[in-house]
Amino acid sequence: MPEGDTIFRTARALGRALTDKPVTGFRSTIALLTRYDDETPLVGQTVEQVESRGKWLLIHFSGGATLATHMLMSGSWHIYRPGERWQQPRINMRIVLENAEYMAVGFRVPVAKMLAPEQLARAARIPAPAIDVLSEDFDTDAVARRLAAHKGEEIADVLLHQEVLAGVGNVFKSEICFVTGTNPFCRVGALDDFKIAELVSASQRLVKANVLEDSGDTIVTFGGKKRRTTHNADPSASLWVYGRDGEPCRRCGQRIRRRIQGPDARVTFWCQGCQPMPDGSDIDG
Ligand SMILES: [Zn+2]
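Sequence order as written defines residue numbering, which begins from 1 separately in each chain. The predicted nature of this model means local features are confined to residues of pLDDT at least 70 and side-chain atom pairs, given and counted, to a pLDDT of 80 or more, with totals for whole chains, interfaces and linings taken over all residues. By convention in this description, side-chain values take in all heavy atoms of the structure and omit both hydrogens and water.

K.L.:
Would you mind going over the overall build of the protein chain with me for this structure?
P.N.:
Counting its regular elements, the protein chain contains seven helices and 10 strands. Scaling as 2.2 N^0.38, a compact globule of 285 residues should have a C-alpha radius of gyration of about 19 Å, and the protein chain matches this with 21 Å. Overall size of the protein chain, expressed as C-alpha extent along the three principal axes, is 65 × 40 × 30 Å. Buried positions account for 49% of the 285 residues belonging to the protein chain. We call two residues in contact whenever any of their non-hydrogen atoms come within 4.5 Å of each other. Of all intrachain contacts in the protein chain linking residues separated by at least 6 positions in sequence, the fraction that spans at least 24 positions is 59%. Accessible surface is estimated by sampling points in the Shrake-Rupley manner with a 1.4 Å probe; for residues, cover comes only from the protein chains shown. Accessible area for the protein chain stands at about 13500 Å²; split by element, carbon and sulfur atoms hold 50% of it. Taken as two groups, the 36 positive and 35 negative side-chain charges of the protein chain have centres that lie 5 Å from each other. Going along the chain from the N terminus, every DSSP run of H or I of four or more residues is numbered as a helix, and every run of E of two or more is numbered as a strand. This radius of gyration counts C-alpha atoms alone. The globule rule is 2.2 Å times how many residues there are, raised to the power 0.38. Buried, partly exposed and exposed residues are distinguished by accessible area as a fraction of the type maximum, computed with a 1.4 Å probe on protein chains only: under 20%, between the cut-offs, and over 50%, respectively. Charge counting follows a simple rule: Lys and Arg are positive, Asp and Glu are negative, and His as well as the terminal groups are ignored. A single reference atom marks each charge: NZ on Lys, CZ on Arg, CG on Asp, CD on Glu.

K.L.:
Can you help me understand the coordination of the zinc ion in this one?
P.N.:
Reference geometry at the metal: tetrahedral coordination by four donors gives ideal angles of 109.5 degrees; octahedral coordination by six donors gives 90 or 180 degrees. At the metal site, the zinc ion is ligated by Cys 249 (SG), Cys 252 (SG), Cys 271 (SG) and Cys 274 (SG), and these contacts range over 2.3 to 2.4 Å. For Na, K and Ca the donor cutoff is 3.2 Å, while for all other metals N, O and S atoms must lie within 2.8 Å; water is not among the atoms, so some sites may look incomplete. Between consecutive donors of the zinc ion, the numbers of intervening residues give the motif C-x2-C-x18-C-x2-C. Residue Cys 249 is found in the loop between helix 7 (193-209) and strand 9 (257-261), and its partner Cys 271 is found in the segment after strand 10 (266-270); the two are separated by 22 residues along the sequence. Of the two residues examined, Cys 249 and Cys 271, each falls in the buried class.

K.L.:
So what exactly am I meant to see when it comes to the packing of helix 6 (residues 170-179) against helix 7 here?
P.N.:
Lines are fitted to the C-alpha atoms to define the axes, a helix being fitted only along its stretch in contact, and any angle between axes, read from their N-to-C directions, falls within 0 to 180 degrees. The geometry of helix 6 relative to helix 7 is characterised by a closest axis approach of 9 Å and an angle of 125° between their N-to-C directions. When the axis of helix 6 is compared with that of helix 7, the two are oblique. Judged by the twist between their axes, the crossing of helix 6 over helix 7 is right-handed. Along the contact surface, helix 6 presents Phe 172, Glu 175, Ile 176 and Val 179, while helix 7 presents Leu 199, Ala 202, Ser 203, Leu 206 and Val 207. Looking at the contact of helix 6 with helix 7 residue by residue, the class counts come to seven nonpolar, one polar and one charged. Angular relationships are summarised with four words: roughly parallel below 35 degrees, roughly antiparallel beyond 145, roughly perpendicular across 65 to 115, and oblique for the angles in between. Rotating anticlockwise by less than a right angle from the far helix to the near helix defines a left-handed crossing, while the corresponding clockwise rotation defines a right-handed one. When residues are sorted by character, Ala, Val, Leu, Ile, Met, Phe, Trp, Tyr, Cys and Pro go into the nonpolar class, Asp, Glu, Lys and Arg into the charged class, and all the rest, Gly among them, into the polar class.

K.L.:
Just checking my understanding: could you explain the sheet that holds strand 4 (residues 66-70) for this structure?
P.N.:
Hydrogen bonds between backbone atoms are what pair the strands of a sheet, whose relative direction is either parallel or antiparallel. When DSSP locates at least two bridges between a pair of strands, those strands are taken to pair. If you walk across this open sheet you meet the four strands as 2-3-4-8, and the pairing is antiparallel. Each edge of the sheet is formed by a strand with only one pairing partner; in this case those strands are strand 2 (47-53) and strand 8 (111-115). Each strand axis lies, on average, 15° off the axis of its neighbour in the sheet, ignoring direction. Pairing analysis gives five bridges linking strand 4 to strand 8, with the strands arranged antiparallel. Among the inter-strand pairings, Leu 67 is bridged to a residue of strand 8, identified as Met 114.

K.L.:
Would you mind showing me how to read the packing of helix 4 (residues 140-148) against helix 7 here?
P.N.:
Working note: a packed helix pair is described by the angle between its axes plus the distance between those axes. Following both chains from N to C, one finds helix 4 and helix 7 inclined at 120°, their axes separated by 9 Å at the closest point. What the angle tells us is that helix 4 and helix 7 run oblique. Like other packed secondary-structure pairs, helix 4 and helix 7 cross with a definite hand, here right-handed. Across the interface between the two elements, Thr 140, Val 143, Ala 144, Leu 147 and Ala 148 from helix 4 touch Ile 196, Val 200 and Gln 204 from helix 7. For the contact of helix 4 with helix 7, the class distribution of residues is six nonpolar, two polar and no charged.

K.L.:
What should I look at first to understand the pattern of salt bridges in this one?
P.N.:
Oppositely charged side chains can pair when the atoms bearing their charge come close. Salt bridge, as applied in this entry: a Lys or Arg side-chain nitrogen positioned within 4 Å of an Asp or Glu carboxyl oxygen. Tallying each qualifying case throughout the model produces six salt bridges. For Arg 9, the salt bridge goes to Asp 5, with nearest N and O atoms at 3.3 Å. Here Arg 9 pairs with Asp 5, and both are found in helix 1 (residues 4-18), just four residues apart, close to one helical turn. As far as the burial class goes, Arg 9 and Asp 5 line up, both buried.

Right under this line is the structure:
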């Protein structure tokens, strides 16, 4: 599953290729979209904005409708010049949106719908800007309150709830817990207000740092090795704990641990030395 910062970068690239330009071509293998296009042709409309909301990518058209796509595990958007060879087979094509200069192709997009403004506002699964860590309108206080309400759940699981805050994926989850010294298995109810505020601001800071223009495609939370500008074959070299089980903690030298966590069985990495439970208990007994 792409992290929120990946979708943000995709939206930024698509925005540059499509924004303020008239649509000259539209095709799709998704019946709902072609039916919409039959009644309200997208050709001739202009793309007004492309934005990410958590893991959703939204393309807003001048006619008022929004194309909302969610990539889940399989989907991706590519941008090509006319005539350029596609990097995926045609059979994977779901959506093509063209203007005079570019062709945006959505491959294996599993979820796509056209939404009127009122439908977009009511779409409960598409996060509002106030809870999207990458939005200018991110509301840290409101998100802290939403997070604190999940008292009985483990903090690392709650960080993945897209209706609490959007844009934090499984890699960032472990990294955010590490940089705030929070044990990922600690129940939210055992964290004080200060710690919750710290978790929310760290979420925003870490994810935002990874969408800077020069940040590349690798997630970076550990700056010690200056990996930002190089393409490193080992992604965990730029991270504090994720993917580093058995290796020494970069702060205290203890062995990094790994465990499957939560109802969705997502992998979690942490350092018991730097991230103790509030009552001092050890998660591995
Ligand atoms: Zn440590």
